[in-house]
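# Coordinate inspection notes
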Amino acid sequence: MEKSFQKSALLVTLTLFFFIPVSISVPFILFHGIRDQCSNGGVSSFVQLLSNLSSSHGSCLEIGNGEQDSVTMPLTQQASVACEKVKQMKDLSQGYNIVAQSQGNLVARGLIEFCDNAPPVFNYISLGGPHAGISDIPKCNSTLCELLKTAVYTDFVQDHIAPSGYIKIPTDIKDYLEHSKYLPKINNERPNERNTTFKDRFTSLHNLVLVMFEGDAVVIPKESSWFGYYPDGASTPLLSPQQVKPS
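In this report, we go over the structure that sits alongside the text. For every chain, the first residue of the written sequence is number 1, and numbering continues from 1 along that sequence. Per-residue local features are limited, in this predicted model, to residues with pLDDT of at least 70; the limit for side-chain atom pairs, both in listing and counting, is 80 or more; totals at the level of whole chains, interfaces and linings are taken over all residues. The side-chain numbers reported here are obtained from all heavy atoms of the structure, hydrogens and water having been left aside.

### Some thoughts on the environment of Glu84
Where we set the bar: Only DSSP runs of H or I covering at least 4 residues are called helices, and only runs of E covering at least 2 are called strands; the numbering of each starts at the N terminus. Each residue is assigned to one of three classes by its accessible area relative to the maximum for its type, calculated with a 1.4 Å probe on protein chains only: buried under 20%, partly exposed between the two thresholds, exposed over 50%.
With respect to the helices, strands and loops of the structure, Glu84 is situated in helix H4 (residues 75-88). When its relative accessible area of 38% is taken as the criterion, Glu84 is described as partly exposed.

### Focus on unusual backbone geometry
Going from Ile220 to Pro221, the amide bond is cis rather than trans, its omega being 0°. Structurally, the position occupied by Pro221 is in the segment after strand E5 (207-211). For Asn188, which is not a glycine, the phi torsion comes out positive at approximately 55°. Note on placement: Asn188 falls in the loop between helix H9 (183-186) and helix H10 (196-203). Positive phi values are uncommon outside glycine, yet Phe227 reaches one of about 75°. Phe227 sits in the buried class, given a relative accessible area of 7%.

### Concerning the pairing of strand E3 (residues 96-101)
Rules: The pairing criterion for strands is at least two bridges between them, as found by DSSP. Handedness is read with the strands pointing away from the viewer; a crossover is right-handed when the path from the first strand over the helix to the second is clockwise.
In terms of burial, E3 is largely enclosed, as six of its six residues are buried. The side-chain alternation of E3 yields two buried faces, one formed by Tyr96, Ile98 and Ala100 and the other by Asn97, Val99 and Gln101. One ladder, built from four bridges, connects strand E1 (residues 28-31) with E3; its direction is parallel. Across the sheet, residue Ile29 finds its bridge partner in E3, namely Ile98. Taken together, E3, helix H5 (residues 104-114) and strand E4 (residues 121-127) form a β-α-β motif whose crossover is right-handed.

### Some thoughts on the environment of Tyr153
The test is simple: The contact criterion used is simple: two residues touch if any of their non-hydrogen atoms lie within 4.5 Å. As used in this structure description, the phrase polar contact means that two N or O atoms lie within 3.5 Å; if the pair is within protein, one of them must be able to donate a hydrogen and the other to accept it, and residues adjacent in sequence are counted only when both atoms belong to side chains.
Position of Tyr153 among the secondary structure elements: in the loop between helix H6 (143-150) and helix H7 (155-160). Along the chain, Tyr153 and Lys168 lie 15 residues apart, while their C-alpha atoms are 9.6 Å from each other. When near neighbours in sequence (up to four residues on either side) are disregarded, Tyr153 contacts Gln158, Ile167, Lys168, Ile169, Asp172, Asp175, Tyr176, His179 and Ser180. At a separation of 3.0 Å, a polar atom in the side chain of Tyr153 contacts the main-chain carbonyl oxygen of Ile167. There is a polar contact of 3.0 Å between the side chain of Tyr153 and the backbone nitrogen of Ile169.

### Some details on the state of the cysteines
Note on terminology: a disulfide is the covalent bond linking the sulfur atoms of two cysteines. Selection criterion: Any two cysteine sulfur atoms lying within 2.5 Å of each other are counted as a disulfide.
Evaluation of the coordinates by the stated rule reveals two disulfides. The disulfide partner of Cys38 is Cys60, and the S-S distance across this bridge is 2.0 Å. Between Cys38 and Cys60, the disulfide has an S-S torsion of -70° and is therefore left-handed. One end of the pair, Cys38, is in the loop between E1 and helix H2 (41-54); the other, Cys60, is in strand E2 (residues 58-60), with 22 residues separating them in the sequence.

### What about the nonpolar core?
In plain terms, the rule: To form a nonpolar core, buried Ala, Val, Leu, Ile, Met, Phe, Trp, Tyr and Cys residues must be joined to one another through side-chain atoms within 4.5 Å.
Within the largest apolar cluster, 45 residues are counted, with the highest numbers of intra-cluster contacts made by Ile29, Phe31, Tyr96, Ile98, Leu111 and Tyr124. With 14 residues, the next largest nonpolar core counts Phe28, Cys38, Cys60 and Val99 among its residues.

Such coordinate-based values are descriptive only and should not be taken to indicate function.
And the structure:
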């Protein structure tokens with residue numbers, strides 16, 4: 001995690017913990033971003049500091065082996081793992097809060113929307129989450145990035161590279177809706193497959209806080225953190241969050 005992101009996330013989250021009264025003394029879990037893991041010093045220190053200052057018990061919920069699985073485990077499976085872990089955590093049985101960073105927000109939302117017979121989530125704080133998708137791949141030269149750029153909607157990529165689940169190419173909406181295996185489901189974007197239960201669970205949150213980072217060069221467009229995005233079939237104009245709403 002970059003130091004600037006970590007500092008911004010820390011300041012914002014601390015502020016929010018003090019301004020949402022129900023958060024005090026309610027346990028929380030944190031979902032880290034891609035290529036990170038709970039045992040990393042930055043993540044563990046972040047959780048500990050939040051816990052100390054909010055007087056709330058907190059923990060980072062790890063999915064699989066952490067860093068590697070954050071890249072290669074499909075998001076549907078990550079959300080399922082999170083669901084089962086949360087149901088086994090006795091300290092969360094009366095309800096809890098979520099703080100999530102970057103890609104971890106999509107795991108968090110899967111937990112909120114898909115997990116049956118789970119304890120309630122009271123408050124959810126999202127830090128730089130790609131909620132409406134990302135339209136472009138950040139510059140990199142790896143084989144993984146090449147696959148995301150050239151074969152993102154193939155079954156192989158969808159099943160083996162986690163970020164493929166939230167890449168939404170605005171000029172290729174047909175393939176996105178037909179072959180993307182995560183974001184269209186969690187955002188209820190397929191007209192004939194909309195699930196009111198998902199919507200009801202998400203809107204039952206006491207508080208939802210969406211934080212966008214002005215200098216975000218990974219979530220493209222950065223307004224995706226507020227559910228802002230491009231219209232179907234075009235890369236302009238950028239639609240406001242009010243014009244692009246999860247169904």
